[in-house]
2 protein chains.
Amino acid sequence: MARWEPGTSDRLRAAALDLFVEQGFEQTTSAEIAHAAGVTERTFFRHFRDKREVLFGGQDQLELAFVTGIRDAPAGAPPLDLVAAALDSAAQFFTDERRASSRVRQTVVDANPALQERERHKLASVAAVLRTELHAHGVPEPAARLAAESGATVFSISFAQWIAPGEERGMREIADGVLGALVSLTGAGAAEMEA
Amino acid sequence: MARWEPGTSDRLRAAALDLFVEQGFEQTTSAEIAHAAGVTERTFFRHFRDKREVLFGGQDQLELAFVTGIRDAPAGAPPLDLVAAALDSAAQFFTDERRASSRVRQTVVDANPALQERERHKLASVAAVLRTELHAHGVPEPAARLAAESGATVFSISFAQWIAPGEERGMREIADGVLGALVSLTGAGAAEMEA
DNA sequence: CTGGTCGATGTCAGTCACAGACATCAGATG
DNA sequence: CATCTGATGTCTGTGACTGACATCGACCAG
């Protein structure tokens, strides 16, 4: 038998989310979270760099999903096709079972500027790996960065829609639509010429 | 004669930048900055919400410049033309005299993740006002947000280039080029049809 | 079986960002 | 002259986060 209960990180995450929902992020101390999970405050900070980070797990897997989508795409494809492939691959990350908890989590983030700041940081991290991967796939700069940032924006808008009240479509379908809106933003001239 | 020396905020900003350059952001305490500017720590926090904020002044004027560019543009113009107008207007904010100090400031920001987080927050704030103004100018969602985020990205890339070593072109010229790269990202099809 | 190493934790003490409450005092205002 | 105001100082507290060191079950070599 182990000396300590396993899954400390998960317990901390769950306890934190509960407390944040109940009494707010700022009104919840890190010691409170730790004790609710049966550990000390010091241990909390061994699992998470700071108090905000407890809400932002799974970042590596998300970035991996984006990257995988591009790696599986044919070389030489246009930048936005690669972005579409990345979004398609990442979409599988957002299953229906996750939608409810994502909604709860987002209410907490939306209620606190410091958490929104961290969320942007995470989104920027996604854009950064996307950019690197696009560049590795032959997209030159600054197109790689522009495409990567656009992809991150499409993802962000799509995610917000995915957890919107009443929304039932899957992430893939939503992202497809938003990406289409992006293309028609600058591609209006092409559309006119086809008509 | 005034009871206190005027321009406390400016003195705090200057002292902070000096100290950050000398010994780094984290190694500099807020009390240190305050005393270097001849006030107490408590006064520092009366002028700035937090320690990071001392590096991020002038946000309101920057946002105003963006907004003004759109307000002066003809109604009914395509989204990206409005974005171009906003960038053009904001470019006047970045005069040659500011370039040197911007470079110094950026080395400090680039050396600290927490400061980068705040910088993204400020950029997101620019995107938000841009989005609102685009929407008010008749651009529907999600195009308004996509165009706004794209504009912010173009601005960010352009600014980075503006302070790059050896760069001598003005902000306007640089931003023009980056915006062109964005258009050709999705407009490639249109270009082909014209050829 | 014994001893030693290892990894996750507890304990303790400390630093520093930041905030509330209250006092102070030069100058504007009537 | 009396009063008010705004920017500041002073004092005190809370809470995020860190370094140093101790603990102890698990696991492994001999």
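This is a predicted model, so every value here is computed, not measured.

Caption draft 1: Structural view of the protein's contact with DNA strand C. Taken together, 17 residues are adjacent to DNA strand C, and R42(A), T43(A), R3(B), D50(B) and K51(B) come closest. Within the residue set of the surface near DNA strand C, elements represented by two or more residues are helix 3 (41-47) of chain A together with helix 2 (30-36) and helix 3 (41-47) of chain B. No other element matches the three residues that helix 3 of chain A contributes to the surface near DNA strand C. A breakdown of the residues in the surface near DNA strand C according to their chemical character gives six nonpolar, five polar and six charged.

Caption draft 2: Seen up close, the nonpolar core. Core analysis: the biggest nonpolar cluster contains 68 residues, and L87(A) and L87(B) have the highest contact counts within it. Looking at this core element by element, the count peaks at 10 residues for helix 8 (residues 143-162) of chain B. Those residues within four positions of L87(B) in sequence are excluded, and the remaining contacts are G151(B), V154(B), F155(B), A175(B) and L179(B). Counting 12 residues, the second largest nonpolar core, distinct from the first, contains A16(A), F48(A), V54(A) and L55(A).

Caption draft 3: Structural view of the relation of the copies chain B and chain A. Superposing chain B onto chain A takes a rotation of 180° combined with a translation of 0.0 Å along the rotation axis, leaving an RMSD of 0.1 Å. Here the two chains are linked by the operation of a two-fold rotation axis. Interface residue correspondence from chain B to chain A reaches 100%, placing this contact among same-surface, isologous pairings.

Caption draft 4: Examining the interface of chain B and chain A more closely. Listed by partner, the interface residues are 28 residues for chain B and 28 residues for chain A. Sorting the residues of the side of chain B that touches chain A by element identifies helix 5 (79-91), helix 7 (113-136), helix 8, helix 9 (171-186) and helix 10 (188-194) of chain B as the ones contributing at least two each. For the side of chain B that touches chain A, the element with the most residues is helix 8 of chain B, which contributes eight residues. Within the side of chain B that touches chain A, the residues separate by chemical class into 17 nonpolar, six polar and five charged.

Caption draft 5: Highlighting the protein's contact with DNA strand D. Neighbouring DNA strand D are 17 residues, the closest being D50(A), K51(A), T8(B), R42(B) and T43(B). When contributions to the surface near DNA strand D are tallied by element, the ones reaching two or more residues are helix 2 (30-36) and helix 3 of chain A together with helix 3 of chain B. Take the surface near DNA strand D: its biggest share by element is three residues, from helix 3 of chain B. Of the residues assigned to the surface near DNA strand D, the class counts are six nonpolar, five polar and six charged.

Caption draft 6: Unusual backbone geometry, seen in detail. In this model, E141(A) is joined to P142(A) through a cis peptide bond whose omega is 5°. For P142(A), the location among the structural elements is in the loop between helix 7 (113-136) and helix 8 (143-162).

Caption draft 7: Layout of the environment of F93(B). Residues and elements named next belong to chain B. Topologically, F93 is positioned in the loop between helix 5 and helix 6 (96-110). Sequence separation between F93 and L62 is 31 residues, and the spatial gap between their C-alpha atoms is 7.0 Å. Each residue touching F93, except ones within four places of it in the same chain, is listed here: L62 and A65.

Caption draft 8: Local environment of the domain arrangement of chain A. Residue and element names in this part refer to chain A. For chain A, the domain assignment lists domain 1 (8-54) and domain 2 (56-185). Contacts between the two partners involve nine residues from domain 1, matched on the other side by 10 residues from domain 2. Tallied by class, the residues present in the side of domain 1 that touches domain 2 amount to four nonpolar, one polar and four charged.

Caption draft 9: View of the packing of helix 4 (residues 59-71) of chain A against helix 7 of chain A. Residue and element names in this part refer to chain A. The N-to-C vectors of helix 4 and helix 7 enclose an angle of 30°; their axes lie 10 Å apart at closest approach. Between helix 4 and helix 7, the interaxial angle falls into the category roughly parallel. Both helix 4 and helix 7 take part in a crossing whose hand is right-handed. Here helix 4 contributes Q59, L62, E63, F66, V67 and I70 to the contact with helix 7, which in turn contributes K122, S125, V126, V129, L130, E133 and L134.

Caption draft 10: Spotlight on helix 5 (residues 79-91) of chain A. Across its 13 residues, helix 5 of chain A extends 18 Å between first and last C-alpha, which sits within 8% of the 18 Å expected from 1.5 Å per residue. Among all positions in helix 5 of chain A, only P79(A), L80(A), L82(A), V83(A), A84(A), A85(A), A86(A), L87(A), S89(A), A90(A) and A91(A) are buried. Of the surrounding elements, those touching the buried residues of helix 5 of chain A are helix 4, helix 7, helix 8 and helix 9 (171-186) of chain A together with helix 9 of chain B.

Caption draft 11: How the structure looks around the confidence of the model for chain A. Mean pLDDT over chain A: 93, with 94% of residues reaching 70 or higher. Note that pLDDT drops below 50 for residues 189-195 of chain A; the model gives that stretch eight contacts with residues more than four away or on any other chain.

Caption draft 12: Main features of the packing of helix 1 (residues 8-23) of chain B against helix 6 of chain B. Residue and element names in this part refer to chain B. For the pair helix 1 and helix 6, interaxial distance at closest approach is 10 Å and the crossing angle is 55°. With respect to helix 6, the axis of helix 1 lies oblique. The two elements helix 1 and helix 6 meet at a crossing, and its hand is left-handed. Contacts between helix 1 and helix 6 involve L17, F20 and V21 from the former and V104, R105 and V108 from the latter. Residue composition of the contact of helix 1 with helix 6, grouped by class: five nonpolar, no polar and one charged.

Conventions adopted
- Residues numbered from 1 in each chain as written.
- Chains lettered and ligands numbered in written order.
- Predicted model: local features only at pLDDT ≥ 70, side-chain atom pairs only at ≥ 80, totals over all residues.
- Near = placed C-beta within 6 Å.
- Helix = DSSP H or I, 4+ residues; strand = E, 2+ residues; numbered from the N terminus.
- Nonpolar A, V, L, I, M, F, W, Y, C, P; charged D, E, K, R; others polar.
- Core = buried A, V, L, I, M, F, W, Y, C linked by C-beta atoms within 7 Å.
- Buried ≥ 20, exposed ≤ 12 C-beta atoms within 10 Å, placed from the backbone.
- Contact = placed C-beta atoms within 7 Å.
- Least-squares fit on C-alpha atoms with pLDDT ≥ 70 in both.
- Domains from an automatic or database assignment.
- Axes fitted to C-alpha atoms, helices over the stretch in contact; angles between N-to-C directions.
- Parallel < 35°, antiparallel > 145°, perpendicular 65-115°, else oblique.
- Left-handed = near helix turned anticlockwise from the far one by under 90°.
- Expected span 1.5 Å × (residues − 1).
- pLDDT = per-residue confidence, 0-100.

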